[in-house]
4 protein chains.
Amino acid sequence: MNRREPLRVAVIGTGRMGADHVRRIDRVVSGARVTAVVDIDAERAKAVAAGVDGCTAHTDPAAAMAAADVDAVLVASSGPAHEAALLTAFEHDLPVLCEKPLTPDAASALRVMEAEQALGHRRVQVGFMRRYDTEYVRLKSLLETGRLGRPLMLHNRHRNVSSPPFFTSAMLISDSVAHEVDATRWLLGHEITAVTVLRPTPSAGAPEGLTDPQFVVLETDGGALSDVEIFVNCGFGYQVQAEVVCERGTARIGDGHALVTHTAGRWGGTITQDWTERFAQAYDDEIQTWVDTTRRGEITGPSTWDGYAAAAVCEAGVRALEAGGRVEVDLVEKPALYR
Amino acid sequence: MNRREPLRVAVIGTGRMGADHVRRIDRVVSGARVTAVVDIDAERAKAVAAGVDGCTAHTDPAAAMAAADVDAVLVASSGPAHEAALLTAFEHDLPVLCEKPLTPDAASALRVMEAEQALGHRRVQVGFMRRYDTEYVRLKSLLETGRLGRPLMLHNRHRNVSSPPFFTSAMLISDSVAHEVDATRWLLGHEITAVTVLRPTPSAGAPEGLTDPQFVVLETDGGALSDVEIFVNCGFGYQVQAEVVCERGTARIGDGHALVTHTAGRWGGTITQDWTERFAQAYDDEIQTWVDTTRRGEITGPSTWDGYAAAAVCEAGVRALEAGGRVEVDLVEKPALYR
Amino acid sequence: MNRREPLRVAVIGTGRMGADHVRRIDRVVSGARVTAVVDIDAERAKAVAAGVDGCTAHTDPAAAMAAADVDAVLVASSGPAHEAALLTAFEHDLPVLCEKPLTPDAASALRVMEAEQALGHRRVQVGFMRRYDTEYVRLKSLLETGRLGRPLMLHNRHRNVSSPPFFTSAMLISDSVAHEVDATRWLLGHEITAVTVLRPTPSAGAPEGLTDPQFVVLETDGGALSDVEIFVNCGFGYQVQAEVVCERGTARIGDGHALVTHTAGRWGGTITQDWTERFAQAYDDEIQTWVDTTRRGEITGPSTWDGYAAAAVCEAGVRALEAGGRVEVDLVEKPALYR
Amino acid sequence: MNRREPLRVAVIGTGRMGADHVRRIDRVVSGARVTAVVDIDAERAKAVAAGVDGCTAHTDPAAAMAAADVDAVLVASSGPAHEAALLTAFEHDLPVLCEKPLTPDAASALRVMEAEQALGHRRVQVGFMRRYDTEYVRLKSLLETGRLGRPLMLHNRHRNVSSPPFFTSAMLISDSVAHEVDATRWLLGHEITAVTVLRPTPSAGAPEGLTDPQFVVLETDGGALSDVEIFVNCGFGYQVQAEVVCERGTARIGDGHALVTHTAGRWGGTITQDWTERFAQAYDDEIQTWVDTTRRGEITGPSTWDGYAAAAVCEAGVRALEAGGRVEVDLVEKPALYR
């Protein structure tokens with residue numbers, strides 16, 4: 001593909017997750033655009049396509065992938081539909097971002113893996129998005145420095161306010177703990193060798209018949225343990241916490257928004273060293289907001305009046321610094337344009 | 001301008017801040033592109049332009065703004081150059097994002113304000129980017145609910161590791177406290193009526209002759225006080241903290257990454273209710289990374305093997321849940337493609 | 001006095017504070033007992049004395065101090081009564097713990113100081129109890145190590161839920177900020193050279209006519225600044241916070257119960273190294289509770305059944321460790337004595 | 001016994017723990033004194049007794065308990081010696097505080113329990129001192145309010161810097177996890193029905209041959225799970241943490257010194273409402289220090305000079321409040337007595 005032009009993406013599945021990815025590629029991500037959307041519900045596909053410039057709607061993934069203006073595929077359909085979509089993408093040798101799970105069971109996943117190997121090169125990225133979360137990334141980086149020594153245990157908490165009506169006891173494992181399964185493998189660099197699931201008496205807040213919470217213990221081929229509290233009807237909030245216990249200290253994420261370590265008689269975190277790091281998000285949002293409003297022909301941010309008032313106050317401040325004492329600020333009357 | 005096409009931006013000034021804005025518009029922000037850069041240093045302008053598709057280099061802001069492919073202007077030159085750039089933009093009726101300060105003193109700011117009024121509509125957004133910082137935005141939103149009552153005092157801390165060589169005692173006010181001046185006006189919705197600057201004995205860590213730290217007290221027309229510790233050679237990190245003390249509680253930002261309130265016998269914060277909120281950044285980064293690597297012809301994220309391994313572990317987990325006890329996980333040998 | 005025998009204390013004033021000190025000497029502190037209480041309200045003095053073994057009630061401080069069984073005096077009467085009580089104690093050369101303020105104004109304090117000097121040795125300890133608070137003590141110790149460099153600024157917050165009916169605007173200074181005045185002098189080791197008091201618009205939660213909150217700036221002969229937010233009708237809680245800003249870092253107390261430092265790119269605190277430190281209070285309370293209940297002829301703590309159950313579980317645990325897998329715990333039926 | 005007189009205690013065992021209890025009863029606890037100490041090492045018993053007024057030294061517990069001046073017994077000898085000491089105490093019908101473990105195994109604990117039942121009334125309090133720790137007490141109180149609903153899981157962390165040379169893998173259970181065994185039973189009000197012990201690869205920081213860390217899962221007759229990370233050579237500090245997960249929220253202790261709850265979309269803790277609560281420890285220490293120094297004929301606390309300086313500053317502050325502006329503080333020269 002032309003590396004200067006935006007990546008042209010077909011999105012398979014336009015449910016909650018798929019539609020959100022369409023919006024993300026269209027409005028948030030730079031360097032890509034959505035040229036096709038696919039859904040077995042033709043109306044839904046059309047509605048989503050209508051909101052995106054130059055995007056066509058399809059009901060058949062194969063038709064979309066065969067189109068000339070598709071460079072890559074994002075699979076966000078339901079799990080059982082993934083295998084077929086992936087194999088079709090392989091036929092067109094298209095790169096695929098496939099939402100987790102890759103497929104619903106190990107046997108179908110094996111088939112996909114064999115097909116990709118037959119292709120001779122990697123084409124699939126699986127949607128384990130915790131690997132891109134700032135906190136997880138920091139935790140992984142810290143582990144890789146080796147400063148804490150070898151990881152021995154990983155304690156995970158995964159809590160949701162409530163589970164959707166179709167959720168089954170097995171889905172607490174296959175849909176929710178699946179994230180901790182990948183996080184354990186990725187953070188520790190180990191494969192998992194055994195699983196134990198313990199079942200406390202279900203919460204009164206869980207739907208009748210749902211085994212919630214569960215407590216899962218994963219053993220790894222590196223000799224580490226990873227335990228997971230999964231509680232999908234905790235009622236009070238969404239929480240994802242992880243604490244790695246290593247030979248020389250621990251590191252924890254998920255209590256607020258910082259990586260907290262415990263080492264050598266000290267607990268704490270790091271302090272940003274620079275405003276570019278601290279305010280990167282603010283600069284991004286400032287420019288994006290200005291671009292968006294300007295394209296709409298509006299001006300909404302801090303005004304010339306705000307610039308003038310700040311200049312007048314700072315002038316008074318410099319006089320106060322130099323002369324000592326209290327200096328009054330005189331502003332002209334606020335013009336109508338800025339009210 | 002055509003609202004479907006990207007906004008075409010001329011960036012005036014390609015120093016540290018200007019070059020960073022060029023990168024941001026080119027790589028981070030969606031819906032805009034840089035079509036012209038301006039710098040009195042022609043080599044620097046050329047170097048920056050060379051990195052951006054379809055971007056021309058100029059030494060004269062007026063020439064850049066006169067170009068046919070410019071819809072808007074971002075002014076990031078040094079403060080004394082702002083007035084001329086703004087007035088030129090007004091001649092072309094171009095929208096401007098002007099880095100702070102608007103101009104270096106109140107008199108020139110007044111002239112800009114008068115010129116914009118003569119134009120009859122707002123054209124300027126000033127670069128007070130704290131108004132776009134997530135923490136400040138949350139603090140402002142909380143104040144606007146009225147739940148804490150009227151704000152009485154605002155305590156600000158503004159610390160830098162060290163100041164650049166050209167920094168003067170007056171610049172602690174006009175360059176650094178300028179941020180708190182705007183934050184005070186914006187958060188409280190008050191104008192500032194008087195300033196007092198107190199000078200403790202300078203830190204041994206400050207350059208000879210620099211009055212650092214300083215302690216600034218701002219009084220407002222709403223009867224509130226805003227105090228600012230400004231310490232630009234604190235040595236240990238970059239910190240921006242603000243605590244608003246209201247009639248029924250306080251709210252604080254800048255200690256880590258959360259808004260902490262103290263009300264009615266309780267301190268604490270809120271818990272995210274949903275994974276879309278908690279992991280929004282991760283999804284954005286996941287897709288952006290996939291787009292970037294795919295455009296380079298690479299695949300680097302979680303692989304099919306990772307998807308298969310997760311499926312196999314979850315299958316074992318579901319069996320462990322259903323049968324009780326410990327269930328071993330069997331994986332096929334890892335294929336060469338995924339090593 | 002006989003160093004083996006308990007110190008015999010006369011307590012002058014049996015209001016809220018005085019009565020609490022009587023209780024404290026009688027029930028909490030070891031090595032002292034209250035042998036006399038004094039109050040102008042004879043009934044109140046009698047009521048307090050009645051609760052303490054071998055304690056007499058008086059209305060005249062001089063009479064109490066002249067008694068043979070008094071080794072020391074604790075002055076907890078109202079401020080205006082302190083001078084006379086102190087001078088009387090000096091006549092008997094008795095050591096005095098005098099609640100703050102020493103006296104209500106500088107002139108009377110000077111007279112007391114001259115009388116003590118005439119005595120030729122120190123007899124007075126003033127009740128600035130923050131110097132004994134664990135957090136303040138840790139902060140002072142840290143400052144004394146010199147690790148953070150010279151102190152430059154001290155930020156203090158002092159908040160009460162509400163003020164008593166008799167509280168005046170001047171009392172926010174003389175009664176409340178008096179604590180920060182001493183804390184500033186003690187922590188920094190400086191004398192205070194100037195005071196400025198700023199008055200934001202009073203809170204709607206403050207009684208009509210009370211200037212609350214106030215913002216006080218103290219300057220010291222060591223070139224440091226100490227600012228105090230005093231807000232005695234904040235409504236939500238009692239908070240005493242202090243942050244010292246030094247040349248190489250800051251240290252803060254009062255947010256929960258730990259000393260938090262910011263130095264060299266890291267924030268955080270220390271971790272206890274030993275159970276004797278972590279659980280010192282628990283051991284004290286355990287033994288005190290056992291002594292108290294045993295003297296009343298009762299046994300209320302963890303029972304023999306609790307000891308047996310723990311032994312049985314640990315036995316099973318050791319078997320589980322050695323054999324692997326899950327080991328069930330068998331307990332005998334719980335005897336009636338322990339139900 | 002006479003309830004007005006101090007409780008006269010015989011302490012059995014004068015090792016680290018026993019000697020510390022002797023000091024505690026002698027110097028910290030009010031209402032009790034040590035009248036006899038017992039140790040098989042006669043020299044050690046004599047050395048400890050020599051430091052306490054009116055205390056005799058013994059090598060035979062029975063002899064000490066038979067003495068006329070013993071009202072109660074504190075057993076702090078090694079575990080295997082507990083059973084004999086307890087049975088002897090029962091013969092004299094003396095109340096006993098017995099350090100944990102009650103006895104080293106369930107069979108001997110059963111014999112003690114039977115002997116106490118034969119006595120017909122409770123005589124033993126077991127030394128599970130976590131039940132007296134402020135944080136555990138708050139956690140228990142919160143659970144008892146029922147506000148969080150039924151407890152479902154309890155996550156415990158128990159970390160020591162390093163283990164003593166004689167520590168065995170089994171002692172991680174019987175000596176260390178024994179605390180969590182009692183804490184689980186007490187906090188949840190459940191009996192434990194099964195134990196599983198998992199063994200990650202030992203830390204490189206653990207002595208050769210010691211299975212450290214271990215991960216213990218306790219199941220209860222109330223359907224709850226309690227998991228314990230026990231890691232006695234973590235190297236960085238002593239940490240005891242507990243998080244109870246209930247049907248409507250969680251509560252956690254051990255991260256610093258506060259009880260933190262997560263409920264209904266909010267995390268946080270409570271704010272002290274009163275200075276008596278916040279500064280109780282400071283008042284206790286202030287008075288105790290004054291008593292101790294006064295009995296030694298010294299005066300070391302805040303001086304009359306400190307009282308005078310505070311009065312002078314507050315006077316200036318009140319003038320600053322009333323007149324506005326900055327008011328200088330004039331102090332007399334500091335007299336020699338206070339230097």
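Just so you know, these numbers come straight off a predicted model, no measurement behind them.

(A) Broad picture of the interface of chain A and chain B. Chain A puts 136 residues into the contact, and the matching count from chain B is 136 residues. Here chain A and chain B share an interface that buries about 12,500 Å² over both sides, 63% of which is from carbon and sulfur atoms. At the boundary of chain A with chain B, the tally comes to 6 salt bridges. Between B:Arg326 and A:Glu219 there is a salt bridge, with the nearest N and O atoms lying 2.6 Å from each other. Applying the counting rule to chain A against chain B returns 24 residue pairs in polar contact (both at pLDDT 80 or more). Of all the elements, helix H10 (residues 304-323) of chain A adds the most residues to the side of chain A that touches chain B, at 18 residues. Among the residues making up the side of chain A that touches chain B, the classes are represented as 69 nonpolar, 33 polar and 34 charged. Relative to strand E8 (residues 192-198) of chain B, strand E15 (residues 326-328) of chain A is paired through 3 bridges, and the arrangement is antiparallel. Counted as the bridge partner of A:Val327 is B:Val195 from E8(B).

(B) Highlighting the pattern of salt bridges. Per the counting criterion, the structure on display carries 84 salt bridges over all chains. Between C:Asp71 and C:Arg8 there is a salt bridge; the shortest N-O distance is 2.9 Å. Taken together, the residues C:Asp71 in the loop between helix H3 (61-66) and strand E4 (72-75) and C:Arg8 in strand E1 (residues 7-12) connect sequence positions 63 residues apart. Between D:Arg157 and D:Asp227 there is a salt bridge; the shortest N-O distance is 3.5 Å. With D:Arg157 in strand E7 (residues 151-159) and D:Asp227 in strand E10 (residues 225-231), this pair connects stretches of sequence that are 70 residues apart.

(C) Focus on the interface of chain D and chain C. Tallying the contact residues gives 136 residues for chain D and 137 residues for chain C. Interface area for chain D against chain C, summed over the two sides, is near 12,600 Å², with a carbon-plus-sulfur share of 63%. Applying the counting criterion to the chain D and chain C interface returns 6 salt bridges. In this assembly, chain D and chain C are joined by 24 residue pairs in polar contact (both at pLDDT 80 or more). In terms of residue count, the dominant contributor to the side of chain D that touches chain C is helix H10 (residues 304-323) of chain D (18 residues). Across the side of chain D that touches chain C, the residue classes tally to 69 nonpolar, 33 polar and 34 charged.

(D) Spatial organisation of the relation of the copies chain A and chain B. Taken as rigid bodies, chain A and chain B are interconverted by a rotation of 180 degrees and an axial shift of 0.0 Å, the fit giving an RMSD of 0.1 Å. Both copies are brought into coincidence by an operation consistent with a two-fold rotation axis. Both copies present the same face, since 100% of the interface residues in chain A are matched by interface residues at the equivalent positions in chain B.

(E) A look at the nonpolar core. Formed by 56 residues in total, the largest nonpolar core has its most connected members in D:Ile173, D:Val181, D:Val195, D:Val216 and D:Leu218. Take this core: its biggest share by element is 12 residues, from helix H10 (residues 304-323) of chain C. When residues no more than four places from it in sequence are discounted, the contact partners of D:Val195 are C:Val313, C:Ala316, C:Gly317, C:Ala320, C:Gly325, C:Arg326, C:Val327, C:Val329, D:Val216, D:Val217 and D:Leu218.

(F) Spotlight on helix H5 (residues 106-119) of chain B. Its 14 residues place the ends of H5(B) 20 Å apart at the C-alpha level, agreeing with the 20 Å of an ideal helix rising 1.5 Å per residue. Every buried residue belonging to H5(B) is among B:Ala106, B:Ser108, B:Ala109, B:Val112, B:Met113 and B:Glu116, and all of these are buried. Projected onto a plane normal to the axis of H5(B), the buried residues spread over an arc of 160 degrees and lie on a single side. Those residues of H5(B) hidden inside the fold are in contact with H10 of chain A together with helix H4 (82-91) and strand E6 (124-127) of chain B. Between the side-chain oxygen at the start of H5(B) and the backbone nitrogen of B:Ala107 there is a gap of 3.2 Å, and the oxygen is on B:Asp105. Of the residues trailing H5(B), B:Gly120 is marked for its positive phi of about 90 degrees.

Definitions and cut-offs
Residues numbered from 1 in each chain as written. Chains lettered and ligands numbered in written order. Predicted model: local features only at pLDDT ≥ 70, side-chain atom pairs only at ≥ 80, totals over all residues. Heavy atoms only, no water. Contact = heavy atoms within 4.5 Å. Buried area = accessible area lost by both parts, 1.4 Å probe. Salt bridge = Lys/Arg side-chain N within 4 Å of Asp/Glu carboxyl O. Polar contact = N/O pair within 3.5 Å; in protein donor to acceptor, adjacent residues only side chain to side chain. Helix = DSSP H or I, 4+ residues; strand = E, 2+ residues; numbered from the N terminus. Nonpolar A, V, L, I, M, F, W, Y, C, P; charged D, E, K, R; others polar. Pairing = 2+ DSSP bridges. Least-squares fit on C-alpha atoms with pLDDT ≥ 70 in both. Core = buried A, V, L, I, M, F, W, Y, C linked by side-chain atoms within 4.5 Å. Buried < 20%, exposed > 50% of the residue type's maximum accessible area, 1.4 Å probe, protein only. Expected span 1.5 Å × (residues − 1). Arc of directions from axis to C-beta.

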